[in-house]
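One letter stands for each residue in the lines below.
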Amino acid sequence: QVQLVESGGGLVQPGGSLRLSCAASGIIFSNNNMAWYRRAPGKQRELVARLTSGGSTNYADSVKGRFTISGDNAKNTVYLQMNSLKPEDTAVYYCNAGGIHFGFWGQGTQVTVSS
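Residues numbered from 1 in each chain as written. Predicted model: local features only at pLDDT ≥ 70, side-chain atom pairs only at ≥ 80, totals over all residues. Heavy atoms only, no water.

Asker: Would you explain the packing of aromatic side chains in this entry?
Answerer: Note on aromatic pairs: each is described by the distance of the centres and the angle between the planes. Scanning the entire structure with this criterion turns up one aromatic pair. Sitting over the face of the ring of Tyr79, Arg19 holds its NZ or CZ atom 4.2 Å from the ring centroid. Its guanidinium or amino end placed over the ring of Tyr37, Arg45 lies 5.7 Å from that ring's centre, counting from NZ or CZ. (Phe/Tyr/Trp six-rings, centres within 6.5 Å; stacked < 30°, edge-to-face > 60°. Lys NZ or Arg CZ within 6 Å of the ring centre and 35° of its normal.)

Okay, structure coming up:
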């Protein structure tokens, strides 16, 4: 059984940082394309960052230079380091393994950026 468990969300002031974690079980994340998505209130889900099985990364234009996706093979965990957070980053963040159509999703973690 595949499980993706996100953690690390919370309330942070503008300009602050958070690190999200996605602990995977039932799959080996390094064999899969892993990604972080987010859904803000009233908006569609959007791709934030992707880490491919080959080690490549790509980011939404809105987070380039501020967010970094990485993985720890030993812990089978993917991270999203978020710096210089803005109010428009407020959303529920979801971890995905294997793509949006046939992949797996975590339960989501809330990130709120507010003063």
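Having seen it, we continue.
Asker: Can you walk me through the state of the cysteines in this structure?
Answerer: Any covalent bond linking the sulfur atoms of two cysteines counts as a disulfide. Considering all chains together, one arrives at one disulfide under this definition. Put simply, Cys22 and Cys95 are joined by a disulfide, and their sulfur atoms are 2.1 Å apart. The S-S bond linking Cys22 to Cys95 shows a torsion near -75°; that makes this disulfide left-handed. In this pair, Cys22 is assigned in strand E3 (residues 18-25) and Cys95 in strand E9 (residues 91-97), connecting sequence segments 73 residues apart. (Disulfide = S-S within 2.5 Å. Helix = DSSP H or I, 4+ residues; strand = E, 2+ residues; numbered from the N terminus.)

Asker: When you look at the nonpolar core in this model, what are you seeing that I'm missing?
Answerer: Side chains that are nonpolar tend, in soluble globular proteins, to be buried together. By size, the foremost hydrophobic cluster in this structure holds 28 residues, and its most contacted members are Trp36, Leu80, Met82 and Tyr93. Elements represented by at least two residues in this core include exactly E3, strand E4 (34-39), strand E5 (46-51), strand E7 (67-72), strand E8 (77-82), E9 and strand E11 (109-113). (Core = buried A, V, L, I, M, F, W, Y, C linked by side-chain atoms within 4.5 Å. Buried < 20%, exposed > 50% of the residue type's maximum accessible area, 1.4 Å probe, protein only.)

Asker: Honestly, the sheet that holds E8 in this entry has me stumped. Any pointers?
Answerer: What holds strands together in a sheet is hydrogen bonding between their backbones, with the strands either parallel or antiparallel. With antiparallel pairing, the four strands of this open sheet are ordered in space as E1-E3-E8-E7. Of all the strands in the sheet, just strand E1 (3-7) and E7 have a single pairing partner and so form its edges. The sheet shows a mean angle of 15° between the axes of neighbouring strands, taken without regard to direction. (Pairing = 2+ DSSP bridges. Axes fitted to C-alpha atoms, helices over the stretch in contact; angles between N-to-C directions.)

Asker: I tried to follow the environment of Met34 on my own but got confused; where do I start?
Answerer: Residue position: Met34 is located in strand E4. Judged by relative accessible area, Met34 falls into the buried class, the value being 0%. Separated by 36 residues in the primary sequence, Met34 and Ser70 place their C-alpha atoms 9.6 Å from one another.

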